[in-house]
Amino acid sequence: LPETPAYWRPALFFRDSQTGWISGPEGRMDYTGDGGLTWERRDLPTRQMVMALWFDPVGRGFAGLNNQDFHHPLQALCDTLDSGKHWRMVPGMDGQKHVSSLFGLGPTALWAVGDVPGYVPNDLVLLLRLPPLRATPPAPAATSQGNKP
């Protein structure tokens, strides 16, 4: 893993004993598929610090972003559909929102908890309804054409 500044508070999420993600400073994200023996860099489309991570079993994931500057509101949430190879900002999650914790409630619901920064912070709790994942149709069974009598 890379050297990190003292102020960095990493977000860490392991889906199982082999597959995991850890955040770095300035939008850096690292992925492992071998239990941490090797790491692959997968950066976000922002330089914001990642505060929370969550991934489902098929690679859909979310990153809650540090957004505590009341005077310069930014995006609060990124998502990915391919285990973090490609990220995008979640529409509608900009402005004064700060997501500090994520928790999946099955394949179609995600809790996001944080606050709305300001002079008097307010709690923020979101329940995101995720579109159901489409199952890949099974491949047609292989058939052999035997000799017909």
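Residues numbered from 1 in each chain as written. Predicted model: local features only at pLDDT ≥ 70, side-chain atom pairs only at ≥ 80, totals over all residues. Heavy atoms only, no water.

A.B. asks: Looking at this structure, how should I read the sheet that holds strand E4 (residues 40-41)?
C.D. replies: In sheet architecture, strand pairing relies on hydrogen bonds along the backbone and comes in two forms, parallel and antiparallel. Strand order across the open sheet formed by 4 strands is E1-E2-E3-E4, with antiparallel pairing between neighbours. The open sheet has two edge strands with one neighbour each: strand E1 (12-14) and E4. Taken together, the 3 bridges between E1 and strand E2 (residues 20-23) define a ladder with antiparallel strand orientation. Following the sheet pairing, phenylalanine 14 is matched in E2 by glycine 20. (Pairing = 2+ DSSP bridges. Helix = DSSP H or I, 4+ residues; strand = E, 2+ residues; numbered from the N terminus.)

A.B. asks: Even after reading the chapter, I still don't get the pattern of salt bridges, so can you show me in this structure?
C.D. replies: Opposite charge on two side chains makes pairing possible when the charged atoms of those side chains draw close. One pass over the structure, following the stated rule, counts 6 salt bridges. With its nearest N and O atoms 3.0 Å apart, the salt bridge here joins aspartate 43 to arginine 41. Notably, a salt bridge pairs aspartate 56 with arginine 60, separated by 3.1 Å at the nearest N-O pair. (Salt bridge = Lys/Arg side-chain N within 4 Å of Asp/Glu carboxyl O.)

A.B. asks: Would you explain the sheet that holds strand E9 (residues 88-89) in this entry?
C.D. replies: With respect to topology, 4 strands assemble into an open sheet ordered E5-E6-E8-E9, the strand pairing being antiparallel. Each edge of the sheet is formed by a strand with only one pairing partner; in this case those strands are strand E5 (50-55) and E9. As judged from the 4 bridges shared by strand E6 (residues 61-65) and strand E8 (residues 77-80), these two strands associate in the antiparallel manner. Within the sheet, the bridge partner assigned to glycine 61 lies in E8 and is threonine 80.

A.B. asks: Can you help me understand a nonpolar patch on the surface in this one?
C.D. replies: There is a patch of nonpolar side chains on the surface, built from Phe103, Leu105, Trp111 and Val113 and spanning about 360 Å² of accessible area. Structurally, leucine 105 can be placed in the loop between strand E11 (98-104) and strand E12 (109-116). (Patch = residues over 30% accessible without salt bridge, like charges linked within 9 Å, V, L, I, M, F, W, Y side chains within 5 Å. Areas by Shrake-Rupley, 256 points an atom, 1.4 Å probe, with all protein chains shown as cover.)

A.B. asks: What is the right way to look at the nonpolar core in this model?
C.D. replies: Nonpolar side chains tend to gather and get buried jointly when the protein is soluble and globular. Core analysis: the largest hydrophobic core is formed by 26 residues, its most contacted members being Leu53 and Leu102. Sorting elements by how many residues they give to this core places E5 first, with 5 residues. When near neighbours in sequence (up to four residues on either side) are disregarded, leucine 53 contacts Ala11, Leu12, Phe13, Trp21, Ile22, Ser23, Met29, Phe62, Ala63 and Leu102. (Core = buried A, V, L, I, M, F, W, Y, C linked by side-chain atoms within 4.5 Å. Buried < 20%, exposed > 50% of the residue type's maximum accessible area, 1.4 Å probe, protein only. Contact = heavy atoms within 4.5 Å.)

A.B. asks: What is the right way to look at the confidence of the model for the chain in this model?
C.D. replies: Close inspection of predicted coordinates is inappropriate for parts of the model with low pLDDT. For the chain, mean pLDDT is 78; residues scoring 70 or higher make up 74% of the total. Counting interchain partners and residues more than four positions distant, the pLDDT-below-50 stretch residues 137-149 has 0 contacts. (pLDDT = per-residue confidence, 0-100.)

A.B. asks: Which parts of the structure should I look at to understand the pairing of E6?
C.D. replies: The two faces of the sheet receive side chains in turn, since in a regular strand these alternate between them. Along E6, 5 of the 5 residues are buried, which leaves the element largely enclosed by surrounding structure. Side chains Gly61, Ala63 and Leu65 project from E6 onto one buried face, and the interleaved Phe62 and Gly64 project onto a second face that is buried too. Remark: 5 residues form the turn of the hairpin made by E5 and E6, two consecutive strands paired antiparallel; glycine 59 in that turn has positive phi of roughly 105°.

A.B. asks: Looking at this structure, I do not really get the packing of aromatic side chains. What am I missing?
C.D. replies: Two aromatic rings are characterised by how far apart their centres lie and by the angle between their planes. Here the structure, examined in full by the defined rule, presents 7 aromatic pairs. Geometrically, the ring pair formed by phenylalanine 13 and tryptophan 21 is tilted, given 6.4 Å between the ring centres and 40° between the ring planes. Here phenylalanine 14 and tryptophan 39 contribute two aromatic rings whose centre-to-centre distance is 6.4 Å and whose plane-to-plane angle is 90°, an arrangement assigned as edge-to-face. A residue pair is termed long-range when its members are at least 10 positions apart, and phenylalanine 14 in strand E1 and tryptophan 39 in the loop between strand E3 (29-32) and E4 qualify at 25 residues. Since its relative accessible area comes to 27%, tryptophan 39 is described here as partly exposed. One aromatic cluster in this structure is built from Phe13, Trp21, Tyr31, Phe55 and Trp87. One residue, arginine 42, lies across the ring of tyrosine 31, its end atom 3.9 Å from the ring centre. (Phe/Tyr/Trp six-rings, centres within 6.5 Å; stacked < 30°, edge-to-face > 60°. Lys NZ or Arg CZ within 6 Å of the ring centre and 35° of its normal.)

A.B. asks: Would you mind showing me how to read the environment of glutamine 48 here?
C.D. replies: Turning to its location among the elements, glutamine 48 is positioned in the loop between E4 and E5. As for glutamine 48 and glycine 64, which are separated by 16 residues in sequence, their C-alpha atoms are 9.6 Å apart. Ignoring anything within four residues of it in the chain, the contact list for glutamine 48 reads Glu26, Gly27, Leu65, Asn66, Asn67, Leu74, Gln75 and Met89. Side-chain polar atoms of glutamine 48 contact the side chain of threonine 46, separated by 2.9 Å. (Polar contact = N/O pair within 3.5 Å; in protein donor to acceptor, adjacent residues only side chain to side chain.)

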